[in-house]
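Listed here are the chains, written in short residue letters.
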Amino acid sequence: MSEINDLKIFCKSLADESGEIIRRYFRTNISIENKPDESPVTIADKSAEEKMREIIMKEFPAHGIIGEEFGNHNEGAEYQWVLDPIDGTKSFICGTVTFGTLIALTKNGQPILGVINQPVLKEFLIGDNSIAELNGKKVNVRACSKISDAILLSTDHLNIEQYQNINAFEKLMRKVKYYRMWGDCYGYYLVATGYADIMVDPIMNAWDLMALVPVIRGAGGTITDYNGNDPVKGNSIIATSGVIHNEVVNILNKKESDDR
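Residues numbered from 1 in each chain as written. Predicted model: local features only at pLDDT ≥ 70, side-chain atom pairs only at ≥ 80, totals over all residues. Heavy atoms only, no water.

**Student:** Go over the overall build of the protein chain with me, naming the residues and quoting the values.
**Tutor:** Helices and strands together make up the secondary structure of the protein chain, namely nine helices and 15 strands. The globule rule puts the C-alpha radius of gyration for 260 residues at 18 Å, and the 18 Å found for the protein chain is close to it. Along the longest, intermediate and shortest principal axes, the C-alpha atoms of the protein chain span 60 × 45 × 35 Å. The 260 residues of the protein chain split such that 53% are buried. In the protein chain, once contacts between residues fewer than 6 apart in sequence are set aside, the share between residues at least 24 apart is 59%. Total accessible area computed for the protein chain in this model is approximately 12,000 Å², and 47% of it derives from carbon and sulfur atoms. If the 27 positive side-chain charges of the protein chain are averaged to one point and the 36 negative ones to another, these points end up 6 Å apart. (Helix = DSSP H or I, 4+ residues; strand = E, 2+ residues; numbered from the N terminus. Rg over C-alpha atoms; globule rule 2.2 N^0.38 Å. Buried < 20%, exposed > 50% of the residue type's maximum accessible area, 1.4 Å probe, protein only. Contact = heavy atoms within 4.5 Å. Areas by Shrake-Rupley, 256 points an atom, 1.4 Å probe, with all protein chains shown as cover. Lys, Arg positive; Asp, Glu negative; His and termini not counted. Charge placed at Lys NZ, Arg CZ, Asp CG, Glu CD.)

In structure tokens form, the structure reads like this:
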């Protein structure tokens, strides 16, 4: 068995262990804390990340870890695990299933494996930049050659207004077939599995985005930052089914003065 397959099996064990913890707290009466940036965090977030860190440090003591809840470990390591135990904590708190666990493995700063795990639905989506599989079955983005046929997703309309050009986004919104806020990592899951065509996030951290890159690429899609550049070096994401990507980037970055 190749090293990459061994690592995929290890990713599944991380998803299983963290998922068991998250399911235990889902739709229960748990306390909610606010972090310094006012984003919420729960015992489920913290316990799931603690468990994954424990497993990684035992199995791969030379590897580094970048985690949303507990910071960095062994920062100079060639291999880094990037963890977001619950991407979409607000959705988790509200009892919806549009959240998930993000797990990425990077080598020299480049993501080589990415996981989107929905622990309640037990949907394990993993990509390695060449292939993406959902519960062991290969998945692909769907063919969408026209913006007018596309399904557009985002996490929070207000975030776009705060961090990007909201007028340009609303122009895109009016051009597509449907627009829904089925966001957080589940939006990228829907693009990778062929149920949506565009997912947009105007602001991202490393733990939000690293896992998405091998998944979207593995499913045959295209992923960049908001300006169409390398997503790994950016702090925002546009993911699409591919053919329409450049047009989407152009629409989102078009200023009103460009129409005059």
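Moving on from the model shown.
**Student:** Run through unusual backbone geometry, naming residues and quoting values.
**Tutor:** Phi at Arg 27 is positive, roughly 55°, even though this residue is not glycine. On the basis of relative accessibility, which here comes to 64%, the residue Arg 27 falls in the exposed class. A positive phi angle, near 50°, is found at Asn 108, a position not held by glycine. Checked against the element boundaries, Asn 108 lands in the loop between β6 (100-107) and β7 (110-118).

**Student:** Can you lay out the sheet that holds strand β9 (residues 132-134) for me, pointing to particular residues and giving the numbers?
**Tutor:** In spatial order, the strands read β4-β3-β5-β6-β7-β8-β9-β10; together these eight strands make up an open sheet with mixed pairing. A strand with exactly one partner marks an edge of an open sheet, and here the two such strands are β4 (71-73) and β10 (137-138). Contacts from helix α1 (residues 3-25) reach β5 (79-87), β6, β7, β8 (123-127) and β9, with the element oriented near 30° to β5. (Pairing = 2+ DSSP bridges. Axes fitted to C-alpha atoms, helices over the stretch in contact; angles between N-to-C directions.)

**Student:** An account of the packing of α1 against helix α2 (residues 43-59) is needed here, citing residue identities and associated values.
**Tutor:** Look at α1 against α2: their axes get within 9 Å of each other, and the N-to-C directions meet at 155°. It follows from the interaxial angle that α1 and α2 lie roughly antiparallel. Crossing hand, α1 versus α2: right-handed. Residues Phe 10, Leu 14, Glu 17, Ser 18, Ile 21, Ile 22 and Tyr 25 of α1 pack against Ile 43, Ala 44, Ser 47, Ala 48, Lys 51, Met 52, Ile 55, Ile 56 and Glu 59 of α2. Tallied by class, the residues present in the contact of α1 with α2 amount to 11 nonpolar, two polar and three charged. (Parallel < 35°, antiparallel > 145°, perpendicular 65-115°, else oblique. Left-handed = near helix turned anticlockwise from the far one by under 90°. Nonpolar A, V, L, I, M, F, W, Y, C, P; charged D, E, K, R; others polar.)

**Student:** I'd love a proper account of the pairing of strand β3 (residues 64-67), names of residues and values included.
**Tutor:** Pairing of β3 with β5 involves four bridges; the strand directions are parallel. Following the sheet pairing, Gly 64 is matched in β5 by Gln 80. Summarising the sheet, β3 and β4 pair through three bridges and their orientation is antiparallel. The partner of Ile 65 across the bridge, within β4, is His 73.

The quantities given are spatial measurements derived from coordinates; they are silent on function.
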